[in-house]
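Coordinates in review
The lines below spell out each chain.
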Amino acid sequence: MEKFLITGGQGCIGAWITRQLLAEGIDFTLVDLEPNEFILQQVLDSDDIPSIERIYGDISASEFTQGLVAQTDATHIIHLAGLQIPTCRTNPVLGAQVNVVGTINIFEAARLSEGQIQSVTYASSAAVVGPAEDYDGPILDDAPHRPRTHYGYFKLANEGNARVYWQDFGIPSAGLRPYAVYGIGRELGLSSAPSRAIRAAVAGRPFKIPFSGPCGYNLVRDTAAQLIACARNVKEGAWGVNLPGTIADMAEVLKHIEAAVPEAAGSITFEGDTLPFACEIDTTNLGRLAPETPDTPLADGIKETADLYRDLYARGVLDPAKAAD
Ligand SMILES: NC(=O)c1ccc[n+]([C@@H]2O[C@H](COP(=O)([O-])OP(=O)(O)OC[C@H]3O[C@@H](n4cnc5c(N)ncnc54)[C@H](O)[C@@H]3O)[C@@H](O)[C@H]2O)c1
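Numbers given for residues are sequential positions, taken from 1 along each chain in its written order. Reporting of local features is limited, given that this is a predicted model, to residues whose pLDDT is at least 70; pairs of side-chain atoms are given and counted only at 80 or more, and all residues count toward the totals for whole chains, interfaces and linings. Note that water and hydrogens are dropped before the side-chain values are worked out from all heavy atoms of the structure.

1. Section: the environment of glutamate 236
Formally: Elements are defined by DSSP. Helices are runs of H or I of four residues or more, strands are runs of E of two residues or more, and each kind is numbered from the N terminus. Type-normalised accessible area, obtained with a 1.4 Å probe on protein chains alone, sets the label of each residue: buried when under 20%, exposed when over 50%, and partly exposed for intermediate values. By the convention used here, residues are in contact when the closest approach between their heavy atoms is within 4.5 Å.
With respect to the helices and strands, glutamate 236 occurs in the loop between α9 (220-233) and β10 (238-243). When its relative accessible area of 55% is taken as the criterion, glutamate 236 is described as exposed. Taking the C-alpha atoms as reference points, glutamate 236 and leucine 254, separated by 18 residues in sequence, lie 41 Å from one another. Ignoring any residue separated from it by four or fewer positions in sequence, one finds glutamate 236 in contact with Trp166 and Pro172.

Structure (structure tokens):
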């Protein structure tokens, strides 16, 4: 019997993992900091939400986190709880406590479970990757990295610690490295701007995306499926898994938004620096651990997201007058 423990489960990726597990009829528990159903309400059927088992607490608190497995009978952990680039930049101490200590606490919980936890699958990030000039050719899954942000180094530390938990305690793990995850529920972080731009386009408001250049775009529904597949399939080793999604320039993203929401033509713009992550990425490990998971083309993913936002506004789940942007 599988049971998933999903930290950061009320967030964007967590909500989509929840959606897939509900559809599959698989048991799970969400862990998050405090009650907040804003994203779950957007992603799930509202009838499903009340019965979801949830535990609230801070993953950087060792006693709380290390006790989670005993409380839940979990067999697999998907660890997503974390703080994004802007918070880690302004408050690196808090960033390290949540992103690094929190992840060690999760691995400790797995170690203390004495085999009950079969794997730990966690969100690393494309932010471990440095800019293009650091590399010669496609970036392999196990390439050495020199990120340019605290957030990137925190994720890199997690990947290193995961290797030590395999080496010393035999805990299998996979750290997936998405680029800009997009879709319903993407509310926080620098790379949430394209998702908020789709929402603004549907709501009839202008929006300026604050970065430019090429980036990978991962539809959140695909990312959720890839994390679940890795959790099921990683039986040994500590894997780093590149997850580039579709690489596209910002002008192309805008073109797809305008195709999905023609009435928004000209109202969505972009300005700013390119993101400091190289985009020429090898995907060997993804093919090994998560074959046959979806890889939705960007145009289709943007259209799907715009259609879902239209439905959320039509049903009154979102209110254009109260939009945060
Ligand atoms: N969204 C992306 O584009 C992207 C890309 C690469 C990696 N990631 C990583 O994927 C993970 C999930 O991303 P997301 O987009 O779903 O983020 P999100 O911000 O929507 O969700 C994160 C969740 O973690 C929870 N959380 C934060 N601090 C916590 C704490 N101390 N204890 C317990 N819960 C806490 C938040 O309440 C939130 O529900 C993160 O680790 C992120 O760094 C995301």
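2. Observations regarding the layout of surface pockets
So the rule is basically this: Only protein atoms enter the calculation, which uses a 1 Å grid: trapped sets of points that fit a 1.4 Å probe without letting it out are cavities, open sets showing protein on both sides within 12 Å along at least five of seven lines are pockets, and any residue with an atom within 4 Å of a point is a lining residue. Grid points are joined across faces, edges and corners, and a volume is the space filled by probe spheres set on the points. Side-chain classes are defined by residue name, with Ala, Val, Leu, Ile, Met, Phe, Trp, Tyr, Cys and Pro counting as nonpolar, Asp, Glu, Lys and Arg as charged, and the others, Gly among them, as polar.
Estimated volume of the largest pocket: approximately 1200 Å³. Elements with a minimum of two residues in the lining of the largest pocket: α1 (12-24), β2 (27-32), α2 (38-43), α5 (85-90), α6 (92-112), α7 (150-169) and β7 (180-182). Residues belonging to the lining of the largest pocket are distributed by class as follows: 27 nonpolar, 15 polar and 6 charged.

3. Points about the site of the ligand
We count it as follows: Whether a residue is near a molecule or strand depends on its heavy atoms: it is near if one of them lies within 4 Å of it. Between N or O atoms, a polar contact is any pair within 3.5 Å; within protein, one atom must be a potential hydrogen donor and the other a potential acceptor, and residues adjacent in sequence are included only when both atoms are from side chains. Areas reported as accessible are Shrake-Rupley estimates using a 1.4 Å probe. Residue values count occlusion only from the protein chains shown.
The environment of the ligand is made up of 27 residues, and the closest members are Asp32, Asp58, Leu80, Tyr151 and Val181. With respect to the ligand, the backbone of cysteine 12 contributes an N or O atom lying 3.0 Å from an oxygen atom. Across the complex, the protein chains shield 92% of the 830 Å² of accessible surface that the ligand would expose by itself. For the shell around the ligand, the elements supplying multiple residues, two or more each, are α1, α7 and β7. Grouping the constituent residues of the shell around the ligand by class yields 14 nonpolar, 9 polar and 4 charged.

4. Details of helix α8 (residues 193-203)
Counting buried residues along α8, 10 of its 11 residues qualify, which places the element largely inside the surrounding structure. Within the span of α8, buried status applies to Ala193, Pro194, Ser195, Arg196, Ala197, Ile198, Arg199, Ala200, Ala201 and Val202. Summarising the contacts, the buried residues of α8 are in contact with β7, β8 (207-209), β9 (214-219), α10 (250-260), β12 (268-270) and α12 (298-314). Positive phi shows up at glycine 204, right after α8, with a value of about 80 degrees.

5. A short note on unusual backbone geometry
In this model, aspartate 73 sits at a positive phi of 60 degrees, which is unusual for a non-glycine residue. Within the secondary structure layout, aspartate 73 lies in the loop between α4 (68-72) and β4 (76-79). The exposure class assigned to aspartate 73 is exposed, which follows from its relative accessible area of 57%.

Any functional reading would require information beyond the geometric quantities listed.
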